[in-house]
Amino acid sequence: MLSRLLKEHQAKQNERKELQEKRRREAIAAATCLTEALVDHLNVGVAQAYINQRKLDHEVKTLQVQASQFSKQTAQWISMVEGFNQALKEIGDVENWARSIEMDMRTIATALDKPFFPIGDQKPTLHSGSAMETQFLYDLLGENVWLYITATFVVLWALVWLYLDSLEIENFTDKYVFVTGCDSGFGNLLCRKLDRKGFHVLAGCLTDKGADDLKGVTGPYLKTVLLDVTSEESIEKAMEWTKKEVGDNGLWGIVNNAGRSLPMGPSEWMKVEDFHSTLKVNMNGVIGMTMTFLPLIKKARGRIVNVASVLGRVAANGGGYCISKFAVESFSDCLRRDINYFGVNVCIIEPGFFKTGVTSLEPLERELHRLWNQLTPEVQASYGDKYLDKYVKIQRLIMNAVCDSDLTKVTNCMEHALTAAYPRTRYSAGWDAKLIWIPLSYMPSCVVDLGLKLVLPRPLKSV
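So, how was this worked out
- Residues numbered from 1 in each chain as written.
- Predicted model: local features only at pLDDT ≥ 70, side-chain atom pairs only at ≥ 80, totals over all residues.
- Heavy atoms only, no water.
- Axes fitted to C-alpha atoms, helices over the stretch in contact; angles between N-to-C directions.
- Helix = DSSP H or I, 4+ residues; strand = E, 2+ residues; numbered from the N terminus.
- Parallel < 35°, antiparallel > 145°, perpendicular 65-115°, else oblique.
- Left-handed = near helix turned anticlockwise from the far one by under 90°.
- Contact = heavy atoms within 4.5 Å.
- Nonpolar A, V, L, I, M, F, W, Y, C, P; charged D, E, K, R; others polar.
- Core = buried A, V, L, I, M, F, W, Y, C linked by side-chain atoms within 4.5 Å.
- Buried < 20%, exposed > 50% of the residue type's maximum accessible area, 1.4 Å probe, protein only.
- Phe/Tyr/Trp six-rings, centres within 6.5 Å; stacked < 30°, edge-to-face > 60°.
- Lys NZ or Arg CZ within 6 Å of the ring centre and 35° of its normal.
- Polar contact = N/O pair within 3.5 Å; in protein donor to acceptor, adjacent residues only side chain to side chain.

(A) Region of interest: the packing of helix H6 (residues 232-246) against helix H7 (residues 272-300). Closest axis-to-axis distance for the H6/H7 pair is 10 Å, and the angle between their directions is 25°. On the basis of their axis angle, the class for H6 and H7 is roughly parallel. In this structure, the crossing between H6 and H7 has a hand that is right-handed. Facing Ile 235, Glu 236, Ala 238, Met 239, Thr 242, Lys 243 and Val 246 of H6, the residues of H7 in contact are Gly 288, Met 289, Thr 292, Phe 293 and Leu 296. The residue inventory of the contact of H6 with H7, partitioned by class, reads 7 nonpolar, 3 polar and 2 charged.

(B) View of unusual backbone geometry. The residue after Leu 262, namely Pro 263, is reached through a cis peptide bond having omega 0°. Within the fold, Pro 263 resides in the loop between strand E4 (253-256) and strand E5 (264-265). Non-glycine residue Asn 171 carries a positive phi angle of around 60°. Tracing the backbone through its elements, the reader meets Asn 171 in the loop between helix H3 (145-166) and strand E1 (176-180).

(C) Focus on the nonpolar core. Formed by 32 residues in total, the largest nonpolar core has its most connected members in Val 177, Val 179, Cys 191, Leu 194, Val 255 and Met 414. Contributions of two or more residues to this core are made by E1, helix H4 (185-197), strand E2 (200-205), helix H5 (208-216), strand E6 (303-307), strand E8 (345-351), helix H12 (408-419) and strand E9 (426-429). Residue contacts for Leu 194: discarding those within four places in its chain leaves Val 177, Val 179, Phe 199, Val 201, Glu 415 and Leu 418. Membership of the second largest hydrophobic core comes to 29 residues, among which are Phe 178, Val 225, Met 289 and Ala 308.

(D) Region of the structure containing the packing of aromatic side chains. Counted under the stated rule, the structure contains 10 aromatic pairs. Taking 6.0 Å as the distance between ring centres and 70° as the angle between the ring planes, the aromatic pair formed by Trp 269 and Tyr 387 counts as edge-to-face. One end of the pair, Trp 269, is in the loop between E5 and H7; the other, Tyr 387, is in helix H11 (residues 387-402), and 118 residues separate them in sequence. Like Tyr 387, Trp 269 is buried. Measuring from centroid to centroid gives 5.7 Å for Phe 353 and Trp 437, while their planes differ by 25°, and the two rings are stacked. Of this pair, Phe 353 sits in the loop between E8 and helix H9 (361-373) while Trp 437 sits in helix H13 (residues 431-441), and the two are 84 residues apart along the sequence. A single burial state applies to Phe 353 and to Trp 437, both of which are buried. Directly above the aromatic system of Trp 252 lies the positively charged group of Lys 175, at a separation of 5.1 Å from the ring centroid.

(E) Here's a closer look at the side chain of Thr 359. Inspection of the secondary structure puts Thr 359 in the loop between E8 and H9. A relative accessible area of 14% means that Thr 359 is categorised as buried. A distance of 2.5 Å separates the side chain of Thr 359 from the backbone oxygen of Phe 354, its partner in a polar contact. Discounting chain neighbours no more than four positions away, the residues touching Thr 359 are Phe 354, Leu 364, Met 399 and Cys 403.

Next up, the structure:
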């Protein structure tokens, strides 16, 4: 009997211990859940605070930019008013001088007992005032009066153009811009600049690595999407993704920056597929992206910025690159004239030679050797064994001489096309573009032909 009671007592103690242990575990689980909830809440609060801080920073930067612009415009107006006052003072001095001369002439005429008539031998009438002023202007400026008037008009036009060119749009933080080819080069740098300026940047990258690297150096307002401009399916997916991102705002700008240059070389060395590989990116890609995204841009009355090249003005080498850039120029001109009625601006960027992946010497020379090796023995013999080495040497010399390492010269043009109240139709970036290629494009073809003939090597069996 006592043994049974002891067993029951022991069983009850075990049950009590198990109940206590269960309650302790439940209390620990509840405390753990509460702690995790508090941590999650704190993380959300910190993230929201970061986002709010970013918004505040963008707003402060916007206010600073607007204040700086207002200060610059005020200084310009003050300078113009001072110039106008100075001009009025000079005009008053000229009038006083003219009146003194007229008084001297009247004094001389009186002394000679001859009437003084400012215009010929005719007596002044009620309507002769303007004629007198015109005659005085001719006498003062001489035969070059129209030259002075034309010069004055040109200076005034230049001042007005510079003022309008400096005006910028407002509310960058409300606008979305899509940029292609953002893994490196111009596109990558442009995305970072637009992100700092406050735009919502939608960056199209070809690789995951390029997208991750870009997101690592930008803020939360920049988003990336994988994009292959040679694939219609990829373009459509990017379009649907963009439509969700921009909502009812529409797309303020698209920058068609993605491109490739290879292969480049003498045209006879190319196969048809060598032309197609470049045209698919530089020409078809630009047209496909523009026409697919056009409804969103039209909705926002935004900007289309197409990256061409100075080699779209002067065809300096064979392959698909120059052909594609001429096509981009033509497509952009036609598009601009067709859709300007809807408030959409189309801008063309024409960079010179810059140090990017497109102008890297190693892949250029590797492609030249590949093209040479695929030629028939007869074609190789017509050029000569030393032609390839001479061509590579001259190309290396030209690239090292003219390639500019300052990529901001190009991205500044892109940024102006997106932010200016009155964007330009064409932007030429780089000293070689302004001093060599653009002037050459206005010269007769024989001048360009002669220049290239003097620079490039001569084939062995040329006639």
